[in-house]
Amino acid sequence: MNKLETFGLIAAQAERGEIIFPTSVNAALRLQLALDNPDCHIEDAIKLVLGEPQLAARTVALANSAAFNRNGEATVTNVRAAVMRIGYRNLQMLVAGLVVRQFGSRIIDPELRFKAEQLWEHTAHVAALAQVFARRVTFINPDTALFAAIVHEVGGFYLLSRADEFPGLLDADPENWIQLCEEVVSREVMRKLSIPDSVVAAIQSLRSGLLGMPPSTLLDTLLLANQFAPVQSPLAAPADPQRISEDSALDFVLNQQTLENIQKESAEEYRLMSAALLV
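Along every chain, residues carry numbers that run from 1 in the direction the sequence is written. The predicted nature of this model means local features are confined to residues of pLDDT at least 70 and side-chain atom pairs, given and counted, to a pLDDT of 80 or more, with totals for whole chains, interfaces and linings taken over all residues. To obtain the side-chain values, all non-hydrogen atoms of the structure were used and water was disregarded.

Chemist: Just give me the short version of unusual backbone geometry, but keep the residues and values in it.
Modeler: Most peptide bonds are trans, and most residues other than glycine sit at a negative phi. Between M213 and P214 the backbone carries a cis peptide bond, its omega angle lying at 0 degrees. Positive phi, close to 60 degrees, is recorded for F139, a residue that is not glycine. Think of it this way: any DSSP run of H or I at least four residues long counts as a helix, any run of E at least two long counts as a strand, and we number them from the N terminus. The topology assignment puts F139 in the loop between helix 6 (110-138) and helix 7 (142-151). The buried label applies to any residue whose accessible area, calculated with a 1.4 Å probe on protein chains only, is under 20% of its type's maximum; exposed applies above 50%, and partly exposed to all values in between. Under the relative-accessibility criterion, F139 is labelled exposed at 63%.

Shown next as structure tokens:
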């Protein structure tokens, strides 16, 4: 089977809903579906968190991290207190991060694992930047921006998780079949994860999207965060310098001092979140 046939097979499987999730993700998926229900009771959320030991440990760790305990409050030692401290929205963010991260957990090939680590580091930086750009430039909901950034490379993670089965799948790809397959896979994975339509639309528009002037949407936020992320995706196609130029962004949106402040603030957000959420 050549590379094009392989990409076609993976894309066709995705479109049929044949997305293969790691078994450890099942409890997280149930929790995500429950949290999407506005009538979800906190007791139900707590039971579902307790159903996945890794998720339970991460929830408590997140509640005790500097990001959520900046005032030196008492250490949280149970899931109930942790959920109360971080809230539903941040719990959703944690679940999304766990789901995305688990795709890389079954990769055997060392080179592919390295790519997965680089893709996760890219995702983490984009997440931190998206939150800051949302607060300071686009003025959208920072939590939504953070959530969208965490799942924006889910298609790439899924392809990496399948690459062990197909040697050479992610080698040099001048025809950009990787990107075309990733778009299909990303759409179907996000559908299976019940990602909100507005978030899906922004992520699906990233590859061909143009930065609005002034930036004011979730898509704009993700475009800016990707542009200034210090770690690039190992699966990304070469950037088109005419699509979003750094000069135009600086001229019309940011002066150099503001950009430096955003980068500094996002680096701090990355540091605060990384121990519990993004590692």
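Here the narrative resumes, following the displayed structure.
Chemist: Run through the packing of aromatic side chains, naming residues and quoting values.
Modeler: For Phe, Tyr and Trp, rings pair up if their centres lie within 6.5 Å, where Trp contributes its six-membered ring, and each pair is then called stacked (planes under 30 degrees apart), edge-to-face (over 60) or tilted (otherwise). Within the structure shown, the criterion is met by 3 aromatic pairs. Aromatic pair W120 and F157: ring centres 5.8 Å apart, planes at 65 degrees, arrangement edge-to-face. On the criterion of sequence distance, the pair formed by W120 in helix 6 and F157 in helix 8 (residues 154-162) is long-range, its members being 37 residues apart. Grouping residues by exposure puts W120 and F157 together as buried.

Chemist: Explain helix 4 (residues 53-64) to me, and be specific about the residues and the numbers.
Modeler: Structurally, the α-helix is built with 3.6 residues per turn, so residues lying three or four positions apart point the same way. Taking 1.5 Å per residue as the helical rise, helix 4 with its 12 residues ought to reach 16 Å, and the 17 Å between its terminal C-alpha atoms agrees with that figure. Listing the buried residues of helix 4 in full gives L55, A56, T59, V60, L62 and A63. Here the buried residues of helix 4 occupy an arc of 160 degrees about the axis, which is enough to place them on one side. Multiplying one less than the number of residues by 1.5 Å gives the expected span of a helix. By definition, the arc is the one covered by directions from the helix axis to the C-beta atoms.

Chemist: Could you give me a rundown of the side chain of R162, with the residues and numbers involved?
Modeler: By the element assignment, R162 lies in helix 8. Classification of R162 as buried rests on a relative accessible area of 3%. Counting of polar contacts relies on pairs of N or O atoms within 3.5 Å, with two restrictions inside protein: one atom must be capable of donating a hydrogen and the other of accepting it, and residues adjacent in sequence are counted only when both atoms are side-chain atoms. A polar contact of 2.7 Å, which involves the side chain of R162, links it to the side chain of E165. If sequence neighbours within four positions are ignored, R162 has contacts with I10, Q13 and I20. Here, residues are in contact when the closest pair of their heavy atoms is within 4.5 Å.

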